[in-house]
Amino acid sequence: MLSVVKSKEELCKKCFNCLRACPVNAIKVIDGGAEIIKEDCVKCGLCYKVCSQEAKQLKEDINEVERLLDSKKKTVALLDPSFPAAFDSGADKVIGALKKVGFDEVCDISAGAELIISEFNKNNKDILKSDEILLSSVCPVICNLIEHHYNDLLCNITRFVSPMIAMARLVRNYYKDEELNVVFIGACIGKKDEIEHECLKNSVDVAITFTELKKIFANKSIDLKNEVSLPLDPPYPENGPVLPFAGELSKLAKMQDSDALDNRIMTVEGKDDVLEVLEAIRNQEIQKPALIDILFCKGCISGPGLDRDISYYERKRRVIQSHNDRSYYSSSDSESEKSTSDFKAQKINLNRCFMGKYSQDNLQPTEEELREILKRTDKFSDEDELNCGVCGYDTCKQKAAAAYSGISEAEMCWPYMQNKVSSDIKKHKLESGYNNAHEKLKEIVGVSQKVENTKSFVYKASQSDSTVLLLGESGTGKGLYAQIIHESSKRCDKPFVKVDCSSIAPTLLESELFGYEEGAFTGALKGGKTGKFEQAHGGTIFLDEIGDMPLEMQSNLLSALQDKTIQRLGGASPVDVDVRVIAATNKNLSNQIKKGKFREDLFYRLNVLNITLPPLRERKDDTVVLVEELKKKLCVEKNLPKKQFHPKVLEAFYNYDWPGNIREMENMIERLLNLVEDRIVYLHHLPDYLVKNNIVEHHVTSKRGLDDIMDSVEKETLELVLEKTNNNRTKAAELLGIHRTSLYKKLRKHKLL
Ligand SMILES: Nc1ncnc2c1ncn2[C@@H]1O[C@H](COP(=O)(O)OP(=O)(O)OP(=O)(O)O)[C@@H](O)[C@H]1O
């Protein structure tokens, strides 16, 4: 099979754009470089079009054409009807230039298209009788797709040669007494391959692209603007030139008007639509049209052999304008010695054969083999398969199958490489003494001195491997601090395993922490179970609510910490574990020890680095920043609407004691963001206990006399009611149960008017 696109390995930058563009994955990745698989390539040239590095190059036949032009033989140029798209100088000048470089005759292939149409029309009735869907065979890429990748659709393709071959045979037949060179010129690189096909050989000698033709003109110093305008040579199509778009052939065949066919014509253009329709036919998911007029590119003006810098719409405009002008068609045959009818009178063989050829789909691995390949990129279950398509394959399984066939590298997986690179970077940073502790510490919100102090303890704890004991009331952030210490430590790329000692039944705690062997107790799982200590191997175990751990378990934990080994339930020998322990409690452990509820030796073992987290009431300076940060976090995490908190609300938050600490504050903010419909949260939106506690506590602690306090309460109440009523004084008086004049008096007194 002919190779019309070649890979230039040294230019390939391994972006795999070509693999993603290729409709049939006919690109082999070897040592990270992309190479074309000749047998599977359908010659669409998309890999060439998308390569920004010129690592894909088209086969050029310029020398061969120049050799033919220098020969003694008559040389005929067959132009694809898309040729006006490639030249902005006017189609007739192109014909003049072709003659100047040595072509004896210049024809377009529209008359060949008409021959096929008339042959096709003869068989219309047969097509209607058959129940098959027919695909037109004018596009060489479509023919290649069917022969190489859709063998099951071989019976669906029409058995006609393309207009290029029909025209070449027509011309050769006419000049049968002369030795003839025939050169096709178009935008399609599939034509280079088509002329070598077993059933189509010896019609066209060379097929070149418009880009190659421009190089030939340049070699001969031809400037199209200065060339003479000449018309095309006959044969001319009876119905005018054919436009190079899908649907044009069937339009000319007047099939769309045919009652018999009754809208059973479909036109399909472009890679995505082509693949979709072929799959739909294959899977019998399409209501039977009689004929699908199909082109792989968006019209023959989109082939790779046309300059890439002219937009599709400009190319189309040029073709349609030339088509309407028809200046390059001679007004009558009389201008030429040969007449169109002479040509058409000949008997031309318009049939072609199709062959099913080798396809890569034949090599299929077993499910087990696929699994093994997928494991190499950390895909252990279906959920791990992202099917992101970056590698050029639609699914991870297709990609693994390609790796099995040796045409792809199993490790060439973007998400896998990304993970690998970021974990390598992490490792490198750790090895080179860098750590992200300072970044992580930013997650601890607070500006008070107390928070600053705890942050510096947290930093020190993150740089050490010693056991940490976190003490603090519920909701002060012990869980958050433990996580931050782990993530800033050298164990950060290893597991962080949390155990809530208070929520696990005392009878299960031992098996939960240390695991068990199969048959250790009734109901034990087959194969046993690994405990949290083993799961955390290499990383950190966070023993939350350690103060609630049953006494009998405390001695087992103590020996695990001392010996750095654990004993599975029912296990014969100890298992080594390398685990850092962070323990936390809201209990007063000294009291627990005094009451005999906590082992003193375990306390000393845990209390190496001790961090006490201050309750919120002892760091009121943090209130406002915490409110802002928690609002932001909740809006993002829970997709809640953004709201402003009125200064009075912030004041209430400041004055409240928050016995449940930050968790309680977080829950309150979440509730307000959920329930308040206004954009601003006012004092009246707060629950009574928050406001009452606030006003009374606030005034009492300010050590003023009762009259003074009453005055302040009156003023704040007035402000609150005015806010709530939107400054409507009649409503405010109503709400307060006082007369309007009395309200005015009070407003004046408090300077609120
Ligand atoms: N300084 C802080 N900055 C920002 N968020 C915080 C801070 N401290 C705690 N939080 C948040 O408050 C919530 C409660 O924290 P956490 O669960 O860590 O508290 P805790 O002390 O472990 O509570 P408990 O003892 O009840 O388990 C979490 O959502 C946490 O992210």
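Residues numbered from 1 in each chain as written. Predicted model: local features only at pLDDT ≥ 70, side-chain atom pairs only at ≥ 80, totals over all residues. Heavy atoms only, no water.

- An unreviewed UniProt entry lists the chain under the name Sigma 54-interacting transcriptional regulator, from Proteinivorax hydrogeniformans.

### As for the state of the cysteines
Stage number 1. Scanning all chains against the criterion turns up one disulfide.
Stage number 2. What pairs with Cys-199 in a disulfide is Cys-353, and their sulfur atoms sit 1.7 Å apart. On the sign convention where negative is left-handed, the bridge of Cys-199 and Cys-353, at about -50 degrees about the S-S bond, is left-handed. Residue Cys-199 is located in the loop between α10 (190–194) and β9 (206–209), and its partner Cys-353 is located in the loop between α15 (340–344) and α16 (367–375); the two are separated by 154 residues in the primary sequence.
Stage number 3. Judged by its relative accessible area of 29%, Cys-353 falls in the partly exposed class.
Stage number 4. We note that Cys-12 lacks a disulfide partner, and the nearest cysteine sulfur, in Cys-18, lies 6.3 Å from it. (Disulfide = S-S within 2.5 Å. Helix = DSSP H or I, 4+ residues; strand = E, 2+ residues; numbered from the N terminus. Buried < 20%, exposed > 50% of the residue type's maximum accessible area, 1.4 Å probe, protein only.)

### Some details on the sheet that holds strand β7 (residues 134–135)
Strand pairing within a sheet occurs via backbone hydrogen bonds; the two strands may be parallel or antiparallel.
Stage number 1. Taken together, three strands build an open sheet; the order of strands is β7-β11-β10 and the sheet is parallel. In the strand order of this sheet, the two ends are held by β7 and β10 (265–269), each with one partner.
Stage number 2. In terms of strand pairing, β7 meets strand β11 (residues 291–295) through two bridges, oriented parallel. Paired with Leu-134 across the bridge in β11 is Leu-291. (Pairing = 2+ DSSP bridges.)

### Observations concerning the site of the ligand
Stage number 1. In the vicinity of the ligand, 17 residues are found, and the nearest of them are Ser-474, Gly-475, Lys-478, Arg-663 and Glu-666.
Stage number 2. Note that an oxygen atom of the ligand is positioned 2.7 Å from one of the side-chain N or O atoms of Ser-474.
Stage number 3. Between the ligand and Gly-479, the relevant distance is 2.9 Å, taken from an oxygen atom to a main-chain nitrogen or oxygen of the residue.
Stage number 4. For the ligand, whose accessible area on its own is 630 Å², the fraction buried by protein is 85%.
Stage number 5. Breaking the shell around the ligand down by element, the ones donating at least two residues are α21 (478–487) and α29 (661–675).
Stage number 6. Of the residues contributing to the shell around the ligand, the split by class is four nonpolar, five polar and eight charged. (Near = heavy atom within 4 Å. Polar contact = N/O pair within 3.5 Å; in protein donor to acceptor, adjacent residues only side chain to side chain. Areas by Shrake-Rupley, 256 points an atom, 1.4 Å probe, with all protein chains shown as cover. Nonpolar A, V, L, I, M, F, W, Y, C, P; charged D, E, K, R; others polar.)

### Observations concerning the confidence of the model for the chain
Stage number 1. In this model, the chain carries an average pLDDT of 87, and 91% of its residues clear a pLDDT of 70 or more.
Stage number 2. Within the chain, β9 carries the highest mean pLDDT (98), whereas helix α7 (residues 124–129) carries the lowest (59).
Stage number 3. Contacts for the low-pLDDT stretch residues 333–337, under 50 throughout, to residues beyond four places or in other chains number nine contacts.
Stage number 4. Note on the complex model: pTM 0.58, ipTM 0.96. (pLDDT = per-residue confidence, 0-100. Contact = heavy atoms within 4.5 Å.)

### Points about the packing of helix α32 (residues 729–736) against helix α33 (residues 740–749)
Stage number 1. At a minimum axis separation of 9 Å, α32 and α33 run at an interaxial angle of 100 degrees. As far as their axial angle goes, α33 and α32 are roughly perpendicular. Contacts between α32 and α33 involve Arg-729, Thr-730, Ala-732, Ala-733 and Leu-736 from the former and Arg-740, Leu-743, Tyr-744 and Leu-747 from the latter.
Stage number 2. Of the residues assigned to the contact of α32 with α33, the class counts are six nonpolar, one polar and two charged. (Axes fitted to C-alpha atoms, helices over the stretch in contact; angles between N-to-C directions. Parallel < 35°, antiparallel > 145°, perpendicular 65-115°, else oblique.)

### A closer look at the pattern of salt bridges
Stage number 1. Overall, the coordinates contain 47 salt bridges when judged by the stated rule.
Stage number 2. Between Glu-227 and Lys-100 there is a salt bridge whose closest N-O contact spans 3.3 Å. Here Glu-227, found in the loop between α11 (210–219) and α12 (248–252), pairs with Lys-100, found in helix α5 (residues 91–101); they are 127 residues apart in sequence, far enough to count as distant.
Stage number 3. For Glu-227, a relative accessible area of 8% corresponds to the buried category.
Stage number 4. Across the pair Glu-512 and Lys-529 runs a salt bridge, and its minimum N-O distance is 3.7 Å. With Glu-512 in helix α22 (residues 506–514) and Lys-529 in strand β15 (residues 529–530), this residue pair connects regions lying 17 residues apart in the sequence.
Stage number 5. When its relative accessible area of 32% is taken as the criterion, Lys-529 is described as partly exposed.
Stage number 6. In this structure, a network of salt bridges that share partners links the residues Lys-59, Asp-61, Lys-192 and Glu-212. (Salt bridge = Lys/Arg side-chain N within 4 Å of Asp/Glu carboxyl O.)

### Observations regarding the environment of Val-451
Stage number 1. Along the chain, the position of Val-451 falls in helix α20 (residues 449–462).
Stage number 2. Sequence spacing of Val-451 and Pro-614 is 163 residues, and the spatial spacing of their C-alpha atoms is 7.7 Å.
Stage number 3. Once residues within four sequence positions are removed from consideration, Val-451 is found in contact with Ile-444, Val-445, Gly-446, Arg-619 and Asp-622.

### Topic: the packing of aromatic side chains
Stage number 1. The final tally for this structure, using the stated rule, is 13 aromatic pairs.
Stage number 2. An angle of 80 degrees between the planes, with centres 6.1 Å apart, marks the rings of Phe-87 and Phe-210 as edge-to-face. In this pair, Phe-87 sits in the loop between α4 (83–86) and α5 while Phe-210 sits in helix α11, placing the two residues 123 residues apart along the sequence.
Stage number 3. By relative accessible area, which is 1% here, Phe-210 ends up buried.
Stage number 4. Centre to centre, the rings of Phe-603 and Tyr-604 are 5.5 Å apart; their planes meet at 65 degrees, and the pair counts as edge-to-face. (Phe/Tyr/Trp six-rings, centres within 6.5 Å; stacked < 30°, edge-to-face > 60°.)

### A look at the pairing of strand β13 (residues 496–500)
Stage number 1. Burial along β13 is one-sided: Val-497 and Val-499 are buried, while Phe-496, Lys-498 and Asp-500, pointing the other way, are not.
Stage number 2. As paired strands, β13 and strand β16 (residues 540–544) are joined by five bridges and run parallel to one another. From the neighbouring strand, Phe-496 faces β16, where its bridge partner is Thr-540.

### Concerning the nonpolar core
Stage number 1. If you look at the biggest cluster of nonpolar residues, it comprises 62 residues, and the most contacted ones within it are Ile-142, Leu-145, Ile-146, Leu-278, Ile-294 and Phe-296.
Stage number 2. Contributing elements (two or more residues each) for this core: α1 (17–21), β2 (27–30), β3 (33–36), α2 (46–50), α6 (110–122), α8 (140–148), α13 (271–282) and β11.
Stage number 3. Considering each element in turn, this core owes the most residues, six residues, to α13.
Stage number 4. Excluding its chain neighbours within four sequence positions, the residues that come into contact with Ile-142 are Ser-136, Ile-157, Val-274, Ile-294, Leu-295 and Phe-296.
Stage number 5. Ranked by size, the runner-up nonpolar core spans 39 residues in total, among them Ala-85, Val-106, Ile-216 and Ile-222. (Core = buried A, V, L, I, M, F, W, Y, C linked by side-chain atoms within 4.5 Å.)

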